[in-house]
Amino acid sequence: MEEPAYVREICFDTETTGFRAKEGDRLIEIGCVELSRYGISENKFHRFINPQRDIPEEAIRIHNITNEMVADKPTFEEIADEFLEFIKGAKLIAHNAPFDESFLDQELTRIGKGKLRDHCVDVIDSLEISRKVFPQQQNSLDALCKRLGIDLTSRNDGHGALIDAQLLAQVYLVLKQDQESMDIDSLTLSGKKLDDIEDTHIVIKASEEDLKAHEVFLELLAKKCKGTPLYKMGDEEFKALREKEQESINSKKAKMEQFIASL
């Protein structure tokens, strides 16, 4: 059985002059970080952009990008082809993606290059994924980084697009792993459960780079856990945890039965 074709994934973020693309606000920064099969790659795209209009003070207070900083930078039209070549054939991931997508759509339409989805495989909203993984919790990028133990000191001087894309890349790896683990029990292939499928995979040994990337990912998972991660537990500790979980389930079941009986 052939392995599915690998699709590049790119985490990206933008900074803008305001919140309303359709009312004249413009892009002033784009930051992209490409993921590899096993982690975060060194492949990046980062450009400051001359918005051809003033940046309001309230926007400057958020990202610390001033009019003087972008006065000599290229316009979006001048960097558009380079950006589109970078994202070609990739899935794009952004936190609150509709916001970033709306600005890129406006910029691309303005120069006659269609819309963002005309140039990439898909646009994924990591905010929507985080709401499934962490329901009824704060899921801003800041909140997710704090919850997962990701260092936010790079944000001390403002919300830069490349900085936020790099933070999002770390968050997305964890979110993606969590979402896959939530779906694994129902995953089927050709109408069969995974456990029923004969193993015909070719074993490929991990490279030194792969092993290092895996260790980084395990560190992220360990920081996320409130206690000892399952893969670090001994048999006795794991058994005690399962017994505690079962006691909690039994307690909730008993309370529900009492409630139903009282009706």
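Data block above holds the structure.
This is a predicted model, so every value here is computed, not measured. (Residues numbered from 1 in each chain as written. Predicted model: local features only at pLDDT ≥ 70, side-chain atom pairs only at ≥ 80, totals over all residues. Heavy atoms only, no water.)

A. Structural view of helix 5 (residues 126-133). Considered for burial, the residues of helix 5 that qualify are Ser126, Leu127, Ile129, Ser130 and Val133. Looking straight down helix 5, one finds its buried side chains confined to an arc of 160°; they lie on one side. (Buried < 20%, exposed > 50% of the residue type's maximum accessible area, 1.4 Å probe, protein only. Helix = DSSP H or I, 4+ residues; strand = E, 2+ residues; numbered from the N terminus. Arc of directions from axis to C-beta.)

B. Broad picture of the packing of aromatic side chains. Throughout the structure, instances matching the rule amount to four aromatic pairs. With a centroid separation of 5.7 Å and 50° between ring planes, the pair formed by phenylalanine 45 and phenylalanine 83 is classed as tilted. Of this pair, phenylalanine 45 sits in strand 3 (residues 40-48) while phenylalanine 83 sits in helix 3 (residues 76-87); the two residues are 38 residues apart in sequence, bridging distant segments of the chain. Summarising the burial analysis for this pair, phenylalanine 45 and phenylalanine 83 share the class buried. Aromatic pair phenylalanine 45 and phenylalanine 86: ring centres 5.7 Å apart, planes at 35°, arrangement tilted. Of this pair, phenylalanine 45 sits in strand 3 while phenylalanine 86 sits in helix 3, placing them 41 residues apart in sequence. Residues phenylalanine 45 and phenylalanine 86 agree in their burial class; the two are buried. Chaining the aromatic ring pairs together yields one cluster made of Phe19, Phe99 and Phe103. Lying across the ring of phenylalanine 86, arginine 8 places its NZ or CZ 5.9 Å from the centre. In this arrangement the basic side chain of arginine 47 is found over the ring face of phenylalanine 45, its NZ or CZ atom lying 4.7 Å from the centre. (Phe/Tyr/Trp six-rings, centres within 6.5 Å; stacked < 30°, edge-to-face > 60°. Lys NZ or Arg CZ within 6 Å of the ring centre and 35° of its normal.)

C. Quick peek at the sheet that holds strand 3. As summarised here, the arrangement of the five strands in space is 3-2-1-4-5, forming an open sheet in which the pairing is mixed. Sheet topology places strand 3 and strand 5 (122-125) at the edges, where each strand pairs with a single neighbour. Averaged over all pairs of adjacent strands, the angle between strand axes in this sheet comes to 25°, irrespective of strand direction. Pairing geometry for strand 1 (residues 8-16) and strand 2 (residues 27-35), over eight bridges, is antiparallel. Looking at the pairing, aspartate 13 lines up with glycine 31 of strand 2. The strands that helix 4 (residues 97-110) touches are strand 1, strand 2, strand 4 (90-94) and strand 5; relative to strand 1, the one it contacts most, it runs at about 80°. Docked against the sheet, helix 5 engages strand 4 and strand 5, running at close to 45° with respect to strand 5. (Pairing = 2+ DSSP bridges. Axes fitted to C-alpha atoms, helices over the stretch in contact; angles between N-to-C directions. Contact = heavy atoms within 4.5 Å.)

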